[in-house]
Amino acid sequence: MRLMYVCRLFSGLAQSLKQKKWEPRGVPTIYRLIEALDQTNDEILFVFTVKDKLVGWQANTIHSFQVEGLRNSVTVIPDNPHISMSSFLKPGYAREFSQYIQLHRLLRKFSPDLVYFDRVNIYPAALTTYRTKVPVVWRLMGVPSAMHESLEDMSLVGRLTRKAYQAPFSMVICSRDGSGGEGWMQKALSIATPRRLLLNGADPFSNRKLSPSLQELVSNNKTKVLFVSRLVENKGCEEFIRGACLVLSRAPEGFCFIIVGAGPLKAQMSRLAKENGFRENFHFIGDQPHANIMSLQNACDIYVSLNQMCNLTNSNLEAMRAGTCMIMPRSPGFRQIDEDTDTLVPRECVWRINKYNDIPGLAEALIHLHNNPKERVSRAIKTGQHAAQMIPSWEARIKSEISLLEELASNTSQ
């Protein structure tokens, strides 16, 4: 199989490519597939498109190079549209059209059996299906709010975007992360487009040893509550701090709150904790190596997820695999958000609160579980046992996706 793999340049991958040494962070669905594809006997062209300046990619022209740790070469297409396009198109559209032209040139030169595009490369993906006969797979890592809203957007951009969704893709693959992907695909895609929902993977808990500083943090006798997230909107960051402060107002010596992650809301979260007089009860430990996360989840007493859009995220699946007592919101009742979560995860395992911003409900759950340690242990054990049956290993999960790609490429070449 000759596969052209096209993905946005995520910040967790950008540093690896800058250093030309493969040491990815974040986006395991992406980097694990890249690694598995690279280890096959297939010929792979990895292409990364720069979508914003925040990743810090400095090159102004398309650039191909080798990366230590990857067998196949890497090509990066910058966010730098030709000046002629910028003169009559808005920056975002100029970037997309310019990147499509460069992708099309690469496609003609490489002559792949199959092209794989990630979610944000929807416009180049759709143009490729309309202008070539090469099979195209479009890959969705869940469906964010903007994609749900786009189905009702009557502007020119909205209509063009829906036309792109209707493109004759050979397949659309969506992560089953609780974001309403199944319902969205029924509404957005052509009725003839094959589609698959795949639950992401999480490897069995390996009890990796924590660093001395982290081990000291989780060794106190308080009830340790863990929150793992990018500290951005829609993740329930502020709601978590407010709920925790409400708990501390009732049991100031009983809890230790640990926040893993970085992002623009960190300062606001820290300020809220300080204003309520409980700053010393919160430990912001920033981004952590991926291998540490499950050990932290297992070492803490309670894990809280307050995602507004989905609660079958990679971090949550890992928490289940680690055998953690968990709290998360139930389905909000619209756009099929977290209906998968409610279906797949029994209530005797994970404690549900009414909604992501149910601060009193979060506080009551934390106090109850704090006062009932045997219930915490019981829920943790049930969660771990259920996760072992429900969640595939990453190896099995990635193999299933590669099998889909190889089958498509094989059917096309016959």
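Here is a short report on the structure shown in this document. (Residues numbered from 1 in each chain as written. Predicted model: local features only at pLDDT ≥ 70, side-chain atom pairs only at ≥ 80, totals over all residues. Heavy atoms only, no water.)

Moving on to the sheet that holds strand S7 (residues 171–175). On the basis of which strands lie adjacent, the open sheet formed by eight strands has the order S3-S4-S2-S1-S5-S6-S7-S8 and mixed pairing. A strand with exactly one partner marks an edge of an open sheet, and here the two such strands are strand S3 (63–65) and strand S8 (195–198). Across the sheet, the mean angle from the axis of one strand to that of its neighbour is 20°, orientation sign disregarded. Each of strand S1 (2–8), strand S2 (43–49), strand S5 (114–118) and strand S6 (136–140) touches helix H2 (residues 28–38); the most contacted strand, S1, lies at about 160° to it. Most of the contacts of helix H8 (residues 181–188) go to S8, to which it runs at about 170°, and overall it touches S6, S7 and S8. (Pairing = 2+ DSSP bridges. Helix = DSSP H or I, 4+ residues; strand = E, 2+ residues; numbered from the N terminus. Axes fitted to C-alpha atoms, helices over the stretch in contact; angles between N-to-C directions. Contact = heavy atoms within 4.5 Å.)

Throughout the structure, instances matching the rule amount to 11 aromatic pairs. Between the aromatic rings of Trp-138 and Tyr-165, the centroid separation amounts to 5.8 Å while the plane-to-plane angle is 20°, which identifies the pairing as stacked. Placement of Trp-138 in strand S6 and of Tyr-165 in helix H7 (residues 156–165) is noted, with a sequence separation of 27 residues between them. What makes Tyr-165 buried here is its relative accessible area of 4%. (Phe/Tyr/Trp six-rings, centres within 6.5 Å; stacked < 30°, edge-to-face > 60°. Buried < 20%, exposed > 50% of the residue type's maximum accessible area, 1.4 Å probe, protein only.)

Its identity is not glycine, yet Asn-234 carries a phi of approximately 75°, on the positive side. Its location among the elements puts Asn-234 in the loop between strand S9 (223–228) and helix H10 (237–250). We classify Asn-234 as partly exposed; its relative accessible area is 39%. A positive phi angle is found at Arg-335, which is not glycine, with a value near 55°. A residue is classified by how much of its surface remains accessible, and Arg-335, at 32% relative accessible area, is partly exposed.

Sheet architecture is open: six strands sit in the order S11-S10-S9-S12-S13-S14, paired in parallel fashion. Strands at the two margins of the open sheet, each flanked by one partner only, are strand S11 (282–286) and strand S14 (351–353). Neighbour-to-neighbour, the strand axes of the sheet open up by a mean angle of 25°, direction not taken into account. Summarising the sheet, strand S10 (residues 255–260) and S11 pair through four bridges and their orientation is parallel. By the bridge assignment for S11, Phe-257 is matched with Phe-282. Packed onto the sheet, helix H12 (residues 290–299) meets S9, S10, S11 and strand S12 (302–304) and runs at close to 145° relative to S9.

Along S9, six of the six residues are buried, which leaves the element largely enclosed by surrounding structure. Neither face of S9 is exposed, since Thr-223, Val-225 and Phe-227 on one face and Lys-224, Leu-226 and Val-228 on the opposite face are all buried. In the sheet, S9 pairs with S10 via six bridges, with the strands oriented parallel. Counterpart to Thr-223 in the pairing with S10 is Phe-255. Handedness of the β-α-β unit built from S9, H10 and S10 comes out right-handed. (Right-handed = clockwise from strand over helix to strand, strands pointing away.)

Before going further, it helps to spend a moment on the nonpolar core. One finds Tyr-5, Leu-9, Leu-17 and Phe-48 to be the most contacted residues of the largest nonpolar core, which totals 39 residues. Looking at this core, the elements with two or more residues in it are S1, helix H1 (11–19), H2, S2, strand S4 (74–77), S5, S7 and helix H17 (394–413). Counting residues per element, this core draws most heavily on H17, at seven residues. Discounting chain neighbours no more than four positions away, the residues touching Leu-17 are Leu-9, Trp-22, Phe-48, Trp-57, Phe-65, Val-67, Val-74 and Val-76. One finds Phe-255, Ile-327, Ala-365 and Ala-380 within the second-largest nonpolar core, a separate group that totals 34 residues. (Core = buried A, V, L, I, M, F, W, Y, C linked by side-chain atoms within 4.5 Å.)

Taking burial as the measure, the 11 residues of H2 include 10 buried ones, the bulk of the element. Those residues of H2 lying buried are Pro-28, Thr-29, Ile-30, Tyr-31, Arg-32, Leu-33, Ile-34, Ala-36, Leu-37 and Asp-38.

The next point concerns the pattern of salt bridges. In a structure, side chains of opposite charge can pair up when their charged atoms sit close to one another. All told, the structure shown has 17 salt bridges when counted by the stated rule. Among the salt bridges present, the one from Glu-96 reaches Arg-95, with a minimum N-O distance of 3.0 Å. When the shortest N-O distance is used, the salt bridge between Glu-275 and Arg-271 registers 4.0 Å. Placement of both Glu-275 and Arg-271 in helix H11 (residues 266–275) is noted, with a separation of four residues, approximately one turn of the helix. A cluster of three or more residues bridged by salt bridges with shared partners is formed by Lys-51, Arg-95 and Glu-96. (Salt bridge = Lys/Arg side-chain N within 4 Å of Asp/Glu carboxyl O.)

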